[in-house]
Amino acid sequence: MDAEDDHLVNVLPIHFSNTLAPNVHIHQFPLLTRPLQVPPSAAASGKHIRARLKPGVRRLEVHVPVDTRSEVWNTERSKELGKARVEDDKEKNQELAKVKQREEEEPRLSEVRMRSEQVPQVGAYVLGIVQDGQLHLHPISETHQLRPTLTYMDILTRKNKRGRGGEGSDDDSDDGPPPDPDEPAPAPAPKKEKKPAVDAKEVQVSVRKTSDDKGMHFQGGLTAVRREMLTIMHAEEDEKWDDYEYCDGEAAESNNAFEAVFSRNVERLECKTDITNVLKDIRGL
């Protein structure tokens, strides 16, 4: 299209508000194939979505009840996975508030946990809504991507390895299939020559503290980067969860928050910056 054919279609007054800052975030669910809502089978039994937050590390979890219909859900498998999740929560000090259940009832995998990873924002993100011929803008503080967390599968993997290797075995694999009796026996492996014994030497390990108190350098042990990663992981596991009430888009609380985005101020702002100052502030020009 030629520039001469471009013409002004409409002019929208712009309203800016930060009344909800810094609580407006973007939550992305890249692996979700349907809306974030309770399955009909779970809603019929009175289940609902829950949420919890670790504010110190900015970690959010959304717990969505599973679809328990027999054609899409394996009850026996859910019991096995439920036991693994209970053990995983205990290891990571992330047990939920205890839910009342009968003594003979086994734990089950009854929900999918969507855990967040914060995504760095490039530039300034804003929420824009056009209403009544006006463009309302509100700053977005954080962006998070939420994916299902399957850390409890590590528990099952360890159990399976122990089961294959026998009690107390450290071998991660089995011995393979038995030999074929019709095939000739393989040649014996060559004997390894014994190496001369080496005198044991005493090794001293020292810890040096950095000047900025952000970590420690280990000589002959963990590197500073790995130690810092472990410190962050332990700090996250030790932090307690704060439970939150999840409100869907039709809830009254959601409607109230939506209305708070719009600015009611009708005062007109006067621009005192000319185009020259704007161009000077743009990097690269």
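Computed from a prediction, not measured in an experiment: that's the story for all the values here. (Residues numbered from 1 in each chain as written. Predicted model: local features only at pLDDT ≥ 70, side-chain atom pairs only at ≥ 80, totals over all residues. Heavy atoms only, no water.)

Here we look at the confidence of the model for the chain
In the predicted model, the chain carries a mean pLDDT of 81, and 74% of its residues have values of at least 70. In the model, residues 97–103 has pLDDT below 50 throughout and makes zero contacts with residues more than four positions away in sequence or in other chains. Counted against residues more than four places away or in other chains, residues 167–176, with its pLDDT under 50, gives five contacts. (pLDDT = per-residue confidence, 0-100. Contact = heavy atoms within 4.5 Å.)

With respect to the pairing of strand 4 (residues 59–65)
Walk down a regular strand and you will see the side chains alternate between the two sheet faces. Counting buried positions along strand 4 gives seven out of seven residues, so the element sits mostly inside the fold. The alternating pattern of strand 4 places Arg59, Glu61, His63 and Pro65 on one face and Leu60, Val62 and Val64 on the opposite face, and all of these are buried. Relative to strand 4, strand 3 (residues 50–54) runs antiparallel, the two being bridged by five bridges. When the sheet's bridge partners are listed, Leu53 is paired in strand 4 with Leu60. Where strand 3 folds back on strand 4, the antiparallel hairpin that results is connected by four residues, among which Arg58 adopts a positive phi of roughly 55 degrees. Bridge count for strand 4 against strand 5 (residues 111–119) is five bridges, and the pairing is antiparallel. When the sheet's bridge partners are listed, His63 is paired in strand 5 with Arg113. (Buried < 20%, exposed > 50% of the residue type's maximum accessible area, 1.4 Å probe, protein only. Helix = DSSP H or I, 4+ residues; strand = E, 2+ residues; numbered from the N terminus. Pairing = 2+ DSSP bridges.)

Concerning the pairing of strand 8 (residues 142–148)
The pairing of strand 2 (residues 25–28) with strand 8 spans four bridges and is parallel. Looking across to strand 8, one finds that His25 is bridged to Glu142.

Quick word on the environment of His63
Mapped onto the secondary structure, His63 falls in strand 4. Exposure remark for His63: the relative accessible area of 3% places this residue in the buried category. Residues His63 and Met114 lie 51 residues apart in sequence; the distance between their C-alpha atoms is 6.2 Å. Polar side-chain contacts of His63 include one of 3.3 Å to the side chain of Glu111. (Polar contact = N/O pair within 3.5 Å; in protein donor to acceptor, adjacent residues only side chain to side chain.)

Focus on the environment of Arg85
Among the secondary structure elements, Arg85 is positioned in helix 2 (residues 75–91). Along the chain, Arg85 and Tyr152 lie 67 residues apart, while their C-alpha atoms are 4.8 Å from each other. Contacts of Arg85, omitting those with residues within four sequence positions, involve Leu109, Glu111, Arg113, Thr149 and Tyr152.

Considering the side chain of Glu236
One can find Glu236 in helix 4 (residues 224–238). Residue Glu236 is classed as buried on the basis of its relative accessible area, which comes to 12%. Not counting chain neighbours up to four residues away, the residues in contact with Glu236 comprise Lys54, Val57, Arg59 and Arg115.

A few points about the pattern of salt bridges
One pass over the full model with this rule turns up 15 salt bridges. With a shortest N-O distance of 2.5 Å, Arg115 and Glu61 are connected by a salt bridge. Placement of the pair is Arg115 in strand 5 and Glu61 in strand 4, with a sequence separation of 54 residues. Here the two residues Arg115 and Glu61 agree in accessibility, since each one is buried. For Glu91, the salt bridge identified is with Arg158, shortest N-O distance 2.8 Å. Here the residue Glu91 occupies a position in helix 2, and Arg158 occupies one in helix 3 (residues 152–165), the gap between them amounting to 67 residues. The network of salt bridges with shared partners includes Arg50, Asp89, Glu111 and Arg113. (Salt bridge = Lys/Arg side-chain N within 4 Å of Asp/Glu carboxyl O.)

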